[in-house]
Structure formats: C-alpha cells, structure tokens
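Architecture and fold: a report
Listed here are the chains, written in short residue letters.
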Amino acid sequence: MTTPVPVLIMRGGTSKGAYFRQEDLPADEAERDRLLLAIMGSPDPRQIDGIGGGHPLTSKVAVISRSATDDADVDYLFLQVQVDSPIVSAEQPCGNILAGVGPFAIERGLVTVHDHTTRVRVRMVNTGALAVVTVPTPDGRVEYSGDTALSGVPGTAARIEVEFRDTAGSVAPGLLPTGRVRDDLDGVPATLIDNGMPVVLINAGDLGVSGYETPAQLEADNRLRRRVEELRLIAGKLMGLGDVSAATVPKMCLLADPAHGGTLSTRMFIPHRVHASIGVLAAVSVGTAAAIPDTVAYIEDAPATIRLEHPTGFYDVIIDVDTAEDEITVGRSAIVSTARLLLDGQVYPREDIHHG
C-alpha cells in the first residue's frame, strides 16, 4: 500500500476541493503534480480511481502553508487538476476554494483562533495578491452551520466574508483603465473596469436584448455574439490589453434591471460562452461599478451588500467606494461565501502513478 497523504476535503463556495498542507506534498513541482493527478484520479472522465468528482468544479486543489511574508498568515496556491488530461495548472487563483482556506488554516492549527470571529490573511501565491477570510469561530472553533444561502449550493451555512486587497488594476492599468467612468464603443455606452477582473459593462438593451435570456439563448444569437466580440476587441485596446482576440479577458457583462429583488441582473460572456452564473472576481468588478456614479451600472444609494442576479441565482458582493474630491478610491471589496468541512483524513494514491 502506498504512503497515505493527509487531506481535508471541503466545499468552498460553489466548488469542492482537496486541501493539503504544503509540507505533506513533494517539494519538487513535477513530483507534486504527478501525485495530485493520482490522488484526484486523472486523467479519467469519471476520476473513478481518485477523489475527484469528474468535473472541473470538483477537481480542485489548495496547497497551504504558514506564510513566508509578514503581511499574511498563510500562503495559498490554487491548482486546477484537469479531469481527462494529465495536466495540473496554476495559471489563476480560485475565489471559491479561497473561502475554505480560512477554515482549513484554523482546523490545521496554522493560525491563532479568536473567539467570535477569526480573520485569516491569505497570500494568493498564483497572483501575489492578498485576501482576508473572516471565519465565524464561536468558542474558538469553526462554525459551519448558519443561515447564509449560496445559489448552486443546497441548504444554508455560516457566512464567510472574503475581502480582496489591492485588486484594482489586477490586469489592466488601473481601476478605470481609460480614466473615464464611461466610454463609447462604436456608439455603445460602456464602462471599462478592473477590480480583480477586467470587465466591460454594457446595458443589454443597447444590444437589442433584454438581459434576462438564458445562456443558451444568448449563445444561439449569432448576431449578438459577433457584436459582443467586436466591442470586446475595441475595449481590449482601450483598456491597455492590446489585441485580445486570443485572450480570455476582458469579460463582457450585459446588465438589466433586477428581476428577483436583487440590485442588478447580469449576463456574463467569458468571453465567447455565457457563464451559468458569474465568476467571483468578475462579480467584484461589476459590484464596484454599481457603486461609482455615472457608470452604466451605477445604482444610486446602492446597498452595502450588492446582490447580482445571474442565470442560476444570485451573488452577493460588499463594496466600499469613496468618490470624494473627484477621486475614486476602493476602500473594501469583498464577497459573501460559505464553506463546509466534508472529510478530514488520509488519501491513498495509486502507487504506479505516484512513483511514475
């Protein structure tokens, strides 16, 4: 039998992943990746011989250690393990799995626990950015039960807030890369913004649709898709991203009035397919625009928690924007999430792959 590896399996947000201490995995990246492929059961569409769930949302890995820097408590490396290919990718972070990093750090004794709530400062190794995960810890233990609902997750759980630091201009040169709250894209009013993810915001009506269509309906509208891509290419250059024809950013977001009691209704092109919901950092960018006067997304007297409706439910973001003296400053960008501990134990990888 192979040597077991300690693992904690958690649902983080609307994803599920295997969480490991860095010290429990090989230091060599190639060896580490071979081991993770074996643990998750890849490559195999069903991941039948591993602990992956046969879907990208359930084939995720978090590698966590005490931080090497003074401004963070733990370092978090996100790895996407491909389901049917022998590939482990570290290209981008995952905001959903991030929600479970705080509870993991507490469960594994990597941070000091406080009564009531514990704030865990997380360095996202993939980008170098810092996030703060606030976890409910009554009596010095993680509280997983609560009344916070997430679209796509059955039932409710304890509220976890994930605050992102210094995300303005994460890819583009600044929060508003053109220096304007509105731009003209070939006659279409748009707001170009990057507070964690470059996004182009357009009112759906300006493109001849309602903004309440299903993803399948929008994808079947070839005229619309061609127009959206034309505008995206123009926006990419205006945002300082150059020729984005082969890039996945900026995302394109169509806006409409809320239909189900939220703040805004969204349909997100990512960029050529339409998202079934909305990505974490894209939601942060959209929510930020809703709090900035004169953007196409602006909501006067926007609530502290902005609820973004999407095709399968809603997503809540918390935005604090100061627009005094004609200068826009993002004070706080956070999302509301939940996490749940599913399993704390040991995993036994296939020996032939592990040592291959």
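Parameters at a glance
Note on numbering: residues in each chain are counted from 1, in written sequence order. Thresholds applied to this predicted model are a pLDDT of at least 70 for local features of residues and 80 or more for the giving and counting of side-chain atom pairs; totals over whole chains, interfaces and linings are not thresholded and use all residues. Each side-chain value is derived from all of the structure's non-hydrogen atoms; neither hydrogens nor water enter the calculation. UniProt positions are given in the numbering used here, feature names are shortened, and annotations may be inferred rather than shown by experiment. Comment: elements are numbered from the N terminus, with helices defined as DSSP H or I runs of at least four residues and strands as E runs of at least two. It is over C-alpha atoms that the radius of gyration is taken, and the globule rule equals 2.2 Å times the number of residues to the power 0.38. Here's how the labels work: a residue is buried when its accessible area is under 20% of the maximum for its type, exposed when over 50%, partly exposed in between, all with a 1.4 Å probe on protein chains only. Contacts between residues were defined by any pair of non-hydrogen atoms, one from each residue, lying within 4.5 Å. Accessible surface is estimated by sampling points in the Shrake-Rupley manner with a 1.4 Å probe; for residues, cover comes only from the protein chains shown. Only four residue types enter the tally: Lys and Arg on the positive side, Asp and Glu on the negative side, with His and both chain ends excluded. Every charge is mapped onto a representative atom, which is NZ of Lys, CZ of Arg, CG of Asp or CD of Glu. Definition of a polar contact: a pair of N or O atoms within 3.5 Å, with one able to donate and the other able to accept a hydrogen when the atoms are protein atoms, and with sequence-neighbouring residues admitted only if both atoms are side-chain atoms. Throughout, nonpolar core names a set of buried Ala, Val, Leu, Ile, Met, Phe, Trp, Tyr and Cys residues whose side chains join them through atoms within 4.5 Å. Segmentation of the chain into domains, including their bounds, is taken from an automatic or database domain assignment. The term buried area refers to how much accessible surface (probe radius 1.4 Å) is lost by two components on association, counted for both of them together. The salt bridge definition used is simple: a Lys or Arg side-chain nitrogen within 4 Å of an Asp or Glu carboxyl oxygen. By the convention used here, strands pair only if DSSP detects at least 2 bridges between them.

As annotated in an unreviewed UniProt entry, the protein chain is 4-oxalomesaconate tautomerase from Actinoplanes awajinensis subsp. mycoplanecinus. Within the UniProt record for the protein chain, the comment given under Sequence similarities (unreviewed entry) is "Belongs to the PrpF family."

1. Examining the overall build of the protein chain
Of the regular secondary structure elements, the protein chain holds seven helices and 19 strands. For a compact globule of 356 residues, the expected C-alpha radius of gyration is about 21 Å, and the protein chain comes in at 21 Å, within 12% of that figure. Expressed as lengths along the three principal axes of its C-alpha atoms, the size of the protein chain is roughly 65 × 45 × 35 Å. Expressed as a percentage of the 356 residues in the protein chain, the buried residues total 53%. The long-range share in the protein chain, meaning contacts at least 24 apart out of those at least 6 apart in sequence, stands at 60%. For the protein chain, the computed accessible surface area is about 15,700 Å², with 47% contributed by carbon and sulfur atoms. When the 30 positive and 47 negative side-chain charges of the protein chain are each reduced to one mean point, those points stand 5 Å apart.

2. Considering unusual backbone geometry
Keep in mind that most residues, glycine aside, have a negative phi and that most peptide bonds are trans. Geometrically, the link from valine 249 to proline 250 is a cis peptide bond, its omega value of 0 degrees lying close to zero. Structurally, proline 250 can be placed in the loop between α5 (222–238) and β14 (251–256).

3. Digging into the side chain of aspartate 75
You can see aspartate 75 is positioned in strand β4 (residues 74–81). At 2.9 Å, the side chain of aspartate 75 and the side chain of serine 67 are in polar contact. Those residues in contact with aspartate 75 that lie beyond four places of it in its chain are Val63, Ile64, Ser65, Arg66, Ser67, Ala68, Arg123 and Val125.

4. Focus: the nonpolar core
Proteins that are soluble and globular tend to have nonpolar side chains buried together. Core analysis: the largest hydrophobic core is formed by 58 residues, its most contacted members being Tyr76, Leu98 and Leu201. A total of seven residues in this core trace back to one element, the largest contributor, which is helix α6 (residues 280–290). Both domains that furnish three or more residues to this core are identified here as domain 1 (5–167 + 339–347) and domain 2 (183–327). Setting aside residues no more than four positions away along its own chain, tyrosine 76 makes contact with Ala62, Val63, Ile64, Cys94, Ile97, Leu98, Val101, Val122, Arg123, Met124, Val125 and Asn126.

5. Concerning the domain arrangement of the protein chain
Here the domain parsing of the protein chain yields domain 1 (5–167 + 339–347) and domain 2 (183–327). Taken together, the eight residues of domain 1 in the interface contact 13 residues of domain 2. When residues of domain 1 are sorted by the area they lose upon contact with domain 2, Ser151, Phe164 and Thr167 head the list and together hold 60% of the total. Scanning the region where domain 1 abuts domain 2 turns up zero salt bridges. If you look at where domain 1 meets domain 2, you find three residue pairs in polar contact (both at pLDDT 80 or more).

6. Focus on the pairing of strand β1 (residues 5–12)
In terms of residue burial, β1 counts as a mostly covered element, since seven of its eight residues are buried. Alignment of β1 against strand β19 (residues 339–347), held across eight bridges, turns out to be antiparallel. Across the sheet, residue isoleucine 9 finds its bridge partner in β19, namely leucine 343. The pairing of β1 with strand β2 (residues 15–21) spans five bridges and is classified as antiparallel. When the bridges of β2 are listed, methionine 10 appears paired with glycine 17. Hairpin connection between β1 and β2: a loop of two residues separates the two successive antiparallel strands, and glycine 13 in this loop has a positive phi of roughly 60 degrees.

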